[in-house]
Amino acid sequence: MNDFILDDIGALLKDAVDASEDVIKRNIELPKVKEHGDFAFPAFFLAKIMRMPPPKIAQEILSKIEDLLPFGSIESAEVAGPYLNLKISPQILSKKLLAEIFDQGQKFSSSDEGRGRNLTIDLSSPNIAKPFHVGHLRSTVVGSCLYRLFEKLGYNCIGINHLGDWGTQFGKLIVAYKKFGTEKLFEKEPIFALLDLYIRFHKEAKDDSSLEDQARGEFKKLERGDPEATEIWKTFYQYSLEEYKRIYGILNATIDEYTGESFYNDKMEDALKLLEQKRLTQISQDALIVDLEEYGLGAALLKKSDEATLYLTRDLAAILYRKETFDFAKMLYVVGSAQALHFKQLFKIVELLGFNWHESCHHVEFGWIKFGKEMMSTREGNIVFLNDVINRAKELAKEIILEKNPDIEDVDKAALYIGVGAVIYADLAVRRNHDINFSWEDALNFDGNTGPYLQYTHARLASLERKFGKEIISDIDFSLLKEPEEKQLMLTLYRFPQKLKLAAEEYEPAVICGYLYELSQNLNSFYQKHRVITDDTTLTNARMLLMRCVRIVMSEGLKILGLEPMERM
RNA sequence: GCCCCCGUAGCUCAUCUGGACAGAGCAUCUGCCUUCUAAGCAGAGGGUAGCAGGUUCGAGUCCUGCCGGGGGUACCA
């Protein structure tokens with residue numbers, strides 16, 4: 001949708017203001033209080049050019065445009081100090097906006113800016129053989145949200161799970177498996193059986209230092225392709241993947257490729273050769289490095305003194321492979337901010353290799369998830385498993401549903417959607433660069449600024465349509481939508497495409513959360529104060545159209561976040 | 001030591017990239033369900049935006065310094 005309001009403002013002011021239409025549009029603001037109108041044009045920046053105090057400028061502009069009003073979607077204008085405040089005509093707004101949303105339906109605010117372009121997203125990436133905990137959640141849900149967001153903007157997205165499926169930890173697991181494993185080990189919750197093996201290994205290794213050596217030995221065997229070790233590793237891999245896929249199903253995670261670290265075992269040598277050809281590498285302290293000191297990025301280690309490769313080596317192989325395989329227009333790494341330097345090094349090396357596409361690679365970083373005052377870590381034991389969070393959220397949701405809506409068809413399904421909605425939303429609603437303090441209280445809260453609140457708003461709208469039971473039409477009397485709450489709803493709807501664009505530019509799901517929350521507040525305020533379905537059929541038709549449009553936007557927004565737009569709850 | 005991020009109501013967070021009196025939710029308190037879902041709505045209290053300077057007509061937002069928290073800084077990922 002084009003910004004018809006902004007266009008109207010630009011056209012209206014362009015002859016009255018000493019600035020280009022573009023500059024005018026860029027300076028337009030949204031007033032914080034409704035007494036200041038719907039859009040505002042501040043005159044400060046013209047003070048120097050026109051050599052007049054801002055209030056006088058505002059006054060002058062008003063006198064020049066006064067005769068033109070109403071102008072397009074602009075109903076009236078008035079001066080408040082240094083501001084020119086503009087009011088939008090609800091009738092024209094509704095006519096243009098609602099018709100467009102209604103006609104386009106789910107396609108509303110889609111765009112084709114990404115048409116024919118591939119966008120790869122590195123997301124989730126848990127370490128195999130460890131249960132999924134809330135620390136893994138952010139990469140998964142942020143990555144998935146961006147996936148769906150960019151898909152809406154026309155990109156062809158590819159979600160890649162860079163599984164931590166290689167390394168000495170597997171040597172440890174193999175040793176533990178051989179020593180303590182039983183036939184029944186994987187009968188139920190295999191992933192926790194693996195965790196137990198891992199913990200058991202470390203316990204035993206305290207008393208028996210030879211275990212560490214054995215682990216290194218087993219991993220070497222694995223690297224050489226030893227059939228027995230490979231077989232055991234594959235078992236671990238399969239069980240882990242099964243569990244992850246179950247969780248991804250619940251979280252609406254968007255993963256297309258499961259190319260973990262092991263996938264790049266045979267691709268690192270070519271990458272290193274390429275670096276050597278470009279004479280970028282050198283030996284320092286017996287290790288193979290790329291010296292990035294002059295860029296303030298230190299030394300990038302590619303091979304340890306014992307010839308072993310590092311995760312940078314694998315990421316380098318991966319980025320080259322992905323460029324070749326997917327020819328991405330953009331590559332997003334949704335990985336915690338602890339790895340900021342790592343990605344700066346990686347992208348710099350790509351640049352030094354002479355590839356200009358280094359600019360299309362972005363590290364979408366995010367803060368830690370803390371539990372209590374501590375970082376969450378497997379070793380410390382202060383860990384919250386995602387499974388437990390989801391189960392508790394689901395149980396609580398079920399209790400509440402049975403209390404409020406006992407006749408609902410599939411309680412368990414609804415409870416899962418709501419519980420998961422709360423968990424996902426809590427993670428997405430905080431801006432990425434902030435750390436999150438995980439608290440059970442917040443994760444299990446369904447009131448206020450939460451996922452369930454948004455879902456509830458959608459459920460109310462769905463319920464309204466069921467009750468209405470007739471076809472919603474766009475041929476309505478637009479002049480009837482004149483209540484302030486209705487206008488507010490429409491002004492908010494109008495901003496949806498802009499918000500999606502902003503969220504995409506900043507790789508920031510929290511922008512969408514904030515928007516949908518505001519839309520929900522607008523809707524609920526309206527809903528409380530006005531009746532939609534009444535004896536007045538023309539008014540009912542008009543309001544039902546508005547309600548449908550809100551539902552379309554709510555539904556689309558929720559889906560992008562990965563929440564189920566509930567029909568009943 | 002050096003580099004990066006964070007510091008806003010008791011708590012959790014917003015503040016549309018520098019604009020009008022800093023806004024929400026949770027918690028506390030007061031109202032509102034014989035009418036479309038009360039997981040809601042309306043309202044009250046709660047603030048020196050870590051501190052100190054600077055730039056600007058204007059700073060929570062930009063710059064400098066300090067304080068506090070976190071992360072990174074060559075053989076973990």
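Described below are features of the structure shown in this document. (Residues numbered from 1 in each chain as written. Chains lettered and ligands numbered in written order. Predicted model: local features only at pLDDT ≥ 70, side-chain atom pairs only at ≥ 80, totals over all residues. Heavy atoms only, no water.)

1. A look at the sheet that holds strand 10 (residues 361-364)
Inference 1: Taking strand neighbours across the sheet as the criterion, the 4 strands line up as 5-4-9-10 in an open arrangement whose pairing is parallel. Bordering the open sheet on either side are strand 5 (156-160) and strand 10, each of which pairs with just one other strand. The average undirected angle you get between the axes of adjacent strands in this sheet is 20°.
Inference 2: With 4 bridges joining them, strand 4 (residues 118-122) and strand 9 (residues 330-334) adopt parallel strand pairing. Its bridge partner being in strand 9, Leu119 is matched across the sheet by Lys330.
Inference 3: Against the sheet, helix 6 (residues 134-152) makes contact with strand 4, strand 5, strand 9 and strand 10, and its axis sits at roughly 155° relative to strand 9, the strand it touches most. (Pairing = 2+ DSSP bridges. Helix = DSSP H or I, 4+ residues; strand = E, 2+ residues; numbered from the N terminus. Axes fitted to C-alpha atoms, helices over the stretch in contact; angles between N-to-C directions. Contact = heavy atoms within 4.5 Å.)

2. Considerations on the packing of aromatic side chains
Inference 1: The final tally for this structure, using the stated rule, is 29 aromatic pairs.
Inference 2: Here the aromatic rings of Phe186 and Phe236 are separated by 6.5 Å at their centres, their planes lie at 70°, and the arrangement is edge-to-face. With Phe186 in the loop between helix 7 (168-180) and helix 8 (190-207) and Phe236 in helix 10 (residues 227-251), this residue pair connects regions lying 50 residues apart in the sequence.
Inference 3: For the pair Tyr264 and Tyr321, a centre-to-centre distance of 5.9 Å together with 75° between the ring planes defines the contact as edge-to-face. Of this pair, Tyr264 sits in the loop between helix 10 and helix 11 (268-277) while Tyr321 is found in helix 12 (residues 311-326), placing the two residues 57 residues apart along the sequence.
Inference 4: Residue Tyr321 is classed as partly exposed on the basis of its relative accessible area of 23%.
Inference 5: Clustering of aromatic rings is evident, with ring pairs tying together Phe132, Tyr244, Tyr248 and Tyr258.
Inference 6: The aromatic ring of Tyr258 is capped on one face by Lys245, whose charged end is 4.8 Å from the ring centroid.
Inference 7: Above the plane of the ring of Tyr321 lies Lys267, whose end atom (NZ or CZ) is 5.6 Å from the centre. (Phe/Tyr/Trp six-rings, centres within 6.5 Å; stacked < 30°, edge-to-face > 60°. Buried < 20%, exposed > 50% of the residue type's maximum accessible area, 1.4 Å probe, protein only. Lys NZ or Arg CZ within 6 Å of the ring centre and 35° of its normal.)

3. Focus on the protein's contact with RNA strand B
Inference 1: Lining the immediate environment of RNA strand B, one finds 63 residues, of which Tyr83, Lys304, Lys404, Arg460 and His530 sit closest.
Inference 2: Considering the 4 Å shell around the protein, atoms of RNA strand B inside it are sugar or phosphate in 59% of instances.
Inference 3: Residue Tyr311 places a side-chain N or O atom 2.8 Å away from a base nitrogen belonging to RNA strand B.
Inference 4: Between Arg314 and RNA strand B, the recorded distance is 3.0 Å, taken from a side-chain N or O atom to a phosphate oxygen.
Inference 5: Counting residues per element, the ones that place at least two in the surface near RNA strand B are strand 3 (83-88), strand 7 (287-291), helix 12, helix 14 (386-404), helix 17 (451-468) and helix 20 (509-529).
Inference 6: Per-element accounting of the surface near RNA strand B gives the leading share, 7 residues, to helix 17.
Inference 7: Within the surface near RNA strand B, the residues separate by chemical class into 28 nonpolar, 18 polar and 17 charged. (Near = heavy atom within 4 Å. Polar contact = N/O pair within 3.5 Å; in protein donor to acceptor, adjacent residues only side chain to side chain. Nonpolar A, V, L, I, M, F, W, Y, C, P; charged D, E, K, R; others polar.)

4. What about empty space enclosed by the protein?
Inference 1: Evaluated as defined, the whole model comprises 1 cavity of 30 Å³ or more.
Inference 2: In this structure, the largest cavity encloses a volume near 40 Å³.
Inference 3: Lining the largest cavity are Pro131, Phe132, Ile191, Phe192, Glu243, Ile247 and Asn387.
Inference 4: Sorting the residues of the lining of the largest cavity by element identifies helix 8 and helix 10 as the ones contributing at least two each. (1 Å grid on protein atoms, 1.4 Å probe; cavity = no way out; pocket = protein on both sides within 12 Å on 5 of 7 lines; lining within 4 Å. Points joined across faces, edges and corners; volume = space filled by probe spheres on them.)

5. Remarks on the pairing of strand 1 (residues 39-42)
Inference 1: Neither face of strand 1 is left uncovered, since the one carrying Phe39 and Phe41 and the one carrying Ala40 and Pro42 both have all their residues buried.
Inference 2: Where strand 1 and strand 3 come together, 4 bridges link them in antiparallel fashion. Residue pairing for strand 3: Phe41 is matched across the bridge by Leu84.

6. Thoughts on the pattern of salt bridges
Inference 1: If you walk through the whole model with that rule in mind, you get 27 salt bridges.
Inference 2: Linking Lys303 and Glu269 is a salt bridge whose minimum nitrogen-to-oxygen distance equals 3.4 Å. Within this pair, whereas Lys303 is found in strand 8 (residues 299-303), its partner Glu269 is found in helix 11, the two being separated by 34 residues in sequence.
Inference 3: Take Lys303: its relative accessible area is 15%, and that puts it in the buried class.
Inference 4: Among the ionic pairs, Glu485 bridges to Lys529, the shortest N-O distance being 3.1 Å. Pair noted here: Glu485 is in helix 18 (residues 484-494) and Lys529 is in helix 20, with a separation of 44 residues, a long-range link.
Inference 5: Taking relative accessible area as the criterion, Lys529 reaches 58% and is therefore assigned exposed.
Inference 6: Connected via shared salt-bridge partners are Lys178, Glu218, Lys221 and Glu228. (Salt bridge = Lys/Arg side-chain N within 4 Å of Asp/Glu carboxyl O.)

7. Quick word on the packing of helix 14 against helix 15 (residues 411-428)
Inference 1: Interaxial distance between helix 14 and helix 15 falls to 7 Å at its minimum, and their mutual angle equals 125°. In terms of orientation, helix 14 and helix 15 fall into the oblique class. Helix 14 and helix 15 meet at a crossing whose hand is right-handed. Residues Leu386, Val389, Ile390, Ala393, Lys394, Ala397, Lys398, Ile401 and Leu402 of helix 14 pack against Val411, Asp412, Ala414, Ala415, Leu416, Ile418, Gly419, Val420 and Val423 of helix 15.
Inference 2: Taken together, the residues that form the contact of helix 14 with helix 15 break down as 14 nonpolar, 1 polar and 3 charged. (Parallel < 35°, antiparallel > 145°, perpendicular 65-115°, else oblique. Left-handed = near helix turned anticlockwise from the far one by under 90°.)

8. Digging into the nonpolar core
Side chains of a nonpolar character, in soluble globular proteins, are inclined to be buried together.
Inference 1: Within the largest apolar cluster, 144 residues are counted, with the highest numbers of intra-cluster contacts made by Leu13, Leu146, Phe150, Leu493 and Leu561.
Inference 2: Apart from residues no more than four positions distant in its own chain, Leu146 is found in contact with Ile121, Leu332, Val334, Val364, Tyr507, Glu508 and Pro509.
Inference 3: Within the second largest apolar cluster, 30 residues are counted, among which are Leu312, Phe328, Val350 and Cys361. (Core = buried A, V, L, I, M, F, W, Y, C linked by side-chain atoms within 4.5 Å.)

9. Side note on the sheet that holds strand 6 (residues 281-284)
Inference 1: Strand order in the open sheet formed by 3 strands is 6-7-8, and the pairing between neighbours is antiparallel. Edge positions in the sheet fall to strand 6 and strand 8, since each has one partner strand and no second. On average, adjacent strands in this sheet sit at an angle of 45° to one another, irrespective of strand direction.
Inference 2: The pairing of strand 6 with strand 7 spans 4 bridges and is antiparallel. Note that in strand 7 the partner of Ser284 across the bridge is Ala287.
Inference 3: Running at roughly 135° to strand 8, helix 11 makes contact with strand 6, strand 7 and strand 8 of the sheet.

Function cannot be inferred from these measures alone, as they are strictly geometric.
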